[in-house]
Amino acid sequence: GHFEAKFPENFLWGGATAANQLEGAFDADGKGLSTADMVAYVPKEKRGKNGHSLDVTSAEIEEILSGAASDKIFPKRFGIDFYHRYKEDIALFAEMGFKVFRLSISWPRIFPNGDETEPNEAGLAFYDKVFDELAKYNIEPLVTLSHYEMPLGLVQKYGGWTNRKVIDFFVHYAETVFKRYKNKVKYWLTFNEINMITFSPYTGGGILTDRVENVKQAAFQGVHHQFVASALAVKACHEIIPDAKIGCMLARLEVYPETCNPDDVLKALKEDQLNLFFTDVQVRGAYPSYMKRYFAENNIHIEKLPGDDAILKQYTVDFLSFSYYMTLVASTKDDAEEVSGNLIGGVKNPYLESSDWGWQIDPVGLRITLNKLYDRYQVPLFIVENGLGAYDKVEEDGSIHDDYRIDYLRKHIEQMKEAIGDGVELMGYTTWGPIDLVSASTSEMSKRYGFIYVDQDDFGNGTLKRLRKDSFYWYKKVIETNGEEL
Ligand code: BG6
């Protein structure tokens, strides 16, 4: 017979952002410096492996702080000036019919150096205004506590997440914002793409790799501290806001074997375990047994306190959220053709097309991954990032014909719907960058994801004027029809 999948009535449609990529105003109202404020724009030909420019060394930070790096541009400091334009931007989200808006709180706006006892009132007041504005339009905030940034003071004074003391600072920050916004925010996430720390220890964990002996050891020790901090944040959230839901967040990297050669299949399975390790801890509440071998082979020894395992077990997350942009291929061949991707590259998949940045576009992979995650965990899922970074062209009349973006999103939403038909419990969908913002991996403005165009170039020139792209009207229809009209 015929089976027609449908989105649930209360499905949360919306968009996702991060403070360091859109707010700007990096030194306004008492905000302290964040790790993201140290990330300079690097021209394409000078970027490292995978085209990223996310890691910063201690020497570079010293140079920047001494004022000697005045020729450099720091796009994450100016963002798209959401700090002063949030009313206009939220009105545009409301016009599209958003049910939810994902944003992050900038930790150094609340605790400028990270280790203060008292929060910065001006920082807290800013988010009050943003949440009140969202409430006017019945848009639910979905708030990430730490999205690719932390107070720079915690890096310099404590060595970032390698230091156990940072758990206490984070939990104090989390409790402060839970108490302050308990009547305004009912959906929370702890760490954005928690697995990022193993790809960029600096951006994921405030770890300066030139200051540690074994980078992998430092990253996994750092993430152990994040696991404990996240679990304690879950505990605090449930106590302070009993009707809230709090989740973890993974950069999901689905891996296919290149062939049916069992060696390729095994390699893909092992890579997949390294991705699911993070959610295994945060959803199932314990370190998975397969990591023992990995830790031994990589000379990693995790320092735990006696109570840690009990904390991880007791305070697991309410739901699992993840980003999804692309899939990877594992191959045991030496001469396999390589491609780039978000966080990590892999082998070329001949069945898929790539974005202008080499990310392999795979809508069916989203259905596969949703099924896999739900089979494994049986907790509600939330896709909190998905989208296409592309070059956009503004026509003379100010219109932007981004049919490539519509095509990408339509195909992913279709597969999402099929996954719901497969029985997957999906809470919502927030596309990455509903408004153009600064790229995380390259700090470019020209890598655009938005339904709303922002007139600004890679160097911060432009009027910052907001324009509706064709995809703006398309997404509005999608939400209006609850995913029936794609
Ligand atoms: C995710 C991050 O990795 O991908 C976002 O959580 C990021 O912060 C997004 O912006 C897209 O990546 P990029 O590098 O194209 O901005």
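Because the structure is a prediction, the values reported are computed rather than measured.

Novice: Quick question: what am I supposed to make of unusual backbone geometry here?
Specialist: Located in the positive-phi region is Asp 81, a residue other than glycine, with phi close to 60°. Along the polypeptide, Asp 81 turns up in the loop between helix H3 (75–78) and helix H4 (82–96). Even without being a glycine, Asn 482 presents a positive backbone phi close to 45°. Here Asn 482 is to be found in the segment after helix H16 (470–480). C-beta crowding within 10 Å serves as the criterion here: with 15 such atoms nearby, Asn 482 is assigned to the partly exposed category.

Novice: Can you help me understand the site of the ligand in this one?
Specialist: Close to the ligand lie 16 residues; Ala 18, Gly 389, Ser 439, Ala 440 and Ser 441 are nearest. In terms of residue class, the shell around the ligand is made up of five nonpolar, eight polar and three charged.

Novice: Looking at this structure, how should I read the sheet that holds strand E7 (residues 319–323)?
Specialist: Hydrogen bonds between backbone groups are what pair the strands of a sheet, and the pairing can be parallel or antiparallel. The parallel closed barrel is built from eight strands, whose spatial order is E1-E2-E3-E4-E5-E7-E13-E14. Within this sheet the neighbouring strands show an average axis-to-axis angle of 25°, counted without direction. In terms of strand pairing, strand E2 (residues 100–104) meets strand E3 (residues 140–146) through five bridges, oriented parallel. Counterpart to Val 100 in the pairing with E3 is Glu 140. Strand contacts of helix H14 (residues 363–377): E7, strand E13 (381–385) and strand E14 (426–432), with the helix running at about 140° to E13, the strand carrying the most contacts.

Novice: Explain the packing of H4 against helix H6 (residues 121–136) here, please?
Specialist: To describe two helices that pack against each other, one gives the angle between their axes and the distance between the axes. One can describe the packing of H4 onto H6 by two numbers: an axis separation of 10 Å at closest approach and a directional angle of 20°. Regarding the angle of H4 to H6, the classification is roughly parallel. Relative to H6, H4 is oriented so that their crossing is right-handed. Residue-level contacts link Tyr 86, Lys 87 and Ile 90 of H4 to Val 130, Glu 133 and Leu 134 of H6. Residues belonging to the contact of H4 with H6 are distributed by class as follows: four nonpolar, no polar and two charged.

Rules behind the numbers
- Residues numbered from 1 in each chain as written.
- Predicted model: local features only at pLDDT ≥ 70, side-chain atom pairs only at ≥ 80, totals over all residues.
- Helix = DSSP H or I, 4+ residues; strand = E, 2+ residues; numbered from the N terminus.
- Buried ≥ 20, exposed ≤ 12 C-beta atoms within 10 Å, placed from the backbone.
- Near = placed C-beta within 6 Å.
- Nonpolar A, V, L, I, M, F, W, Y, C, P; charged D, E, K, R; others polar.
- Pairing = 2+ DSSP bridges.
- Axes fitted to C-alpha atoms, helices over the stretch in contact; angles between N-to-C directions.
- Contact = placed C-beta atoms within 7 Å.
- Parallel < 35°, antiparallel > 145°, perpendicular 65-115°, else oblique.
- Left-handed = near helix turned anticlockwise from the far one by under 90°.

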